[in-house]
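Notes for the structure review
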Amino acid sequence: MTIKRRQFITTFGLAALTTQIPLPTAQGKLSPNTILKPPCLQIGDTVGLIAPAGIIDAKDIEAANESISRLGLKVKLGKHILDRYGYLAGKDADRAYDVNVMFGDRSVKAIIAMRGGWGCNRILPLLNYSLIRSHPKILMGYSDITSLLLAINARSRVITFHGPVATSTWNQLTVDYLKRILFNAEAVTMRNLNTSGVQAQAIPITSGVYVPRKARGKLVGGNLSVLSAMVGSPYLPSWNKSILFVEEIGEDVYRIDRMLTQLKTAGILNQISGFIFGQCTNCSPGNEPSLTLMQVLQDHILPLDIPAWYGSMIGHIKDKFTVPIGLEVEIDANVGTIRMLEAAVSKKNDSIKRFY
């Protein structure tokens with residue numbers, strides 16, 4: 001089946017969508033600092049697919065449509081989803097347009113990025129954060145989509161989700177976590193399974209200093225290289241007493257060291273209350289003399305005297321958690337778990353609903 005680009009009618013022009021004029025909403029009495037939970041998904045809902053970063057092909061859309069349809073969901077395509085501009089999926093203004101329109105489209109109940117790559121940082125100034133806050137929806141992806149997840153959480157104060165992109169492997173474990181969190185509105189405990197082949201490994205704490213192995217805080221993070229490239233911008237959330245999680249792929253160990261050093265010198269690491277390194281897929285020491293990855297993590301994290309571990313099922317791997325960004329969680333470094341302290345999405349009868 002060949003899927004063509006869909007053209008859909010919207011009442012929002014590009015100029016209106018890229019302004020930052022606050023829109024009237026049903027939750028107008030809420031404090032601007034109140035974190036909004038997007039409504040949960042239901043069978044029959046429509047999911048908007050966008051390509052805010054790297055280029056995709058029609059065959060990618062067909063595969064994504066098949067995967068998402070198996071969840072009982074319908075698919076709506078961004079107008080510019082098959083555009084190309086070098087290594088980007090279209091011009092910045094057009095990719096931002098698709099993000100803004102999907103948030104403003106009443107028929108769309110969640111938004112999933114097709115893939116990562118590079119490009120989301122370029123469109124952050126073009127997003128309508130007031131519109132997004134007025135229409136809170138599930139936004140999900142990982143890798144370069146980290147930019148959108150963090151910026152929208154920081155500027156629109158909406159929970160976002162570090163999880164599979166539309167072209168991911170939607171296997172049973174990945175789908176099970178996604179359904180429990182996004183459909184059932186459960187507050188789950190994320191625990192590595194023995195069948196995943198991924199084991200959590202605690203990062204040692206400084207000897208002689210008592211540090212609890214558990215910590216609570218707002219869960220924030222994503223891809224390490226994307227996150228480090230955002231340092232100094234106005235699109236990052238507060239780090240005070242947060243739980244930082246990161247993941248990476250295809251980086252030599254010295255580059256991991258360089259990026260963590262940037263977070264350290266920017267004053268981010270000394271503010272967090274817990275640290276999780278998910279997976280560093282295909283991260284090698286390189287051909288030159290090198291530290292090991294664990295030595296680098298110990299150098300940066302051990303002096304913080306906070307609960308920390310490596311190996312959570314977060315990253316460029318087949319089995320992955322759906323991680324809510326901006327939600328309060330409790331982590332346990334002894335067993336490598338992330339326990340959600342509340343649901344990350346709202347039920348249909350909750351006070352914070354779709355605002356149309």
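The structure we're discussing is the one just above.
Cut-offs and rules
- Residues numbered from 1 in each chain as written.
- Predicted model: local features only at pLDDT ≥ 70, side-chain atom pairs only at ≥ 80, totals over all residues.
- Heavy atoms only, no water.
- Disulfide = S-S within 2.5 Å.
- Buried < 20%, exposed > 50% of the residue type's maximum accessible area, 1.4 Å probe, protein only.
- Phe/Tyr/Trp six-rings, centres within 6.5 Å; stacked < 30°, edge-to-face > 60°.
- Helix = DSSP H or I, 4+ residues; strand = E, 2+ residues; numbered from the N terminus.
- Lys NZ or Arg CZ within 6 Å of the ring centre and 35° of its normal.
- Pairing = 2+ DSSP bridges.
- Axes fitted to C-alpha atoms, helices over the stretch in contact; angles between N-to-C directions.
- Contact = heavy atoms within 4.5 Å.

**Structural notes on the state of the cysteines**
- Counted according to the given criterion, the structure contains one disulfide.
- With a sulfur-sulfur separation of 2.2 Å, cysteine 280 is cross-linked through a disulfide to cysteine 283. Torsion about the S-S bond of the cysteine 280 and cysteine 283 cystine: about -85°, corresponding to left-handed handedness. Residue cysteine 280 shares its accessibility class with cysteine 283, and that shared class is buried.

**What to know about the packing of aromatic side chains**
- One pass over the full model with this rule turns up three aromatic pairs.
- Consider the rings of tyrosine 177 and phenylalanine 321, whose centres lie 4.8 Å apart with planes at 70°: the pair is edge-to-face. Here phenylalanine 321 lies in the loop between β11 (308-310) and β12 (323-325) and tyrosine 177 lies in helix α7 (residues 172-183), a separation of 144 residues in the sequence.
- With relative accessibility at 1%, the residue phenylalanine 321 sits in the buried group.
- Summarising the aromatic geometry, the rings of phenylalanine 277 and tyrosine 310 are spaced 5.5 Å apart at their centres and angled 40° between planes, so their arrangement reads as tilted. Residue phenylalanine 277 is found in strand β10 (residues 274-281), and its partner tyrosine 310 is found in strand β11; the two are separated by 33 residues along the sequence.
- For the cation-ring pair, lysine 91 lies above tyrosine 85, with the distance from its terminal atom to the ring centre recorded as 4.9 Å.
- Sitting over the face of the ring of tyrosine 129, arginine 155 holds its NZ or CZ atom 4.9 Å from the ring centroid.

**What about the sheet that holds β12?**
- The six strands are arranged β2-β1-β3-β4-β5-β12 in an open sheet whose pairing can be described as mixed. In the strand order of this sheet, the two ends are held by β2 (74-77) and β12, each with one partner. Ignoring strand direction, the axes of neighbouring strands in this sheet form an average angle of 30°.
- Bridge analysis of strand β1 (residues 46-50) against strand β3 (residues 108-113) gives five bridges, and the strand direction is parallel. Along β3, the bridge assignment pairs isoleucine 50 with alanine 113.
- Contacting β1, β2 and β3, helix α2 (residues 58-69) runs over the sheet at an angle of about 150° to β2.

Any functional reading would require information beyond the geometric quantities listed.
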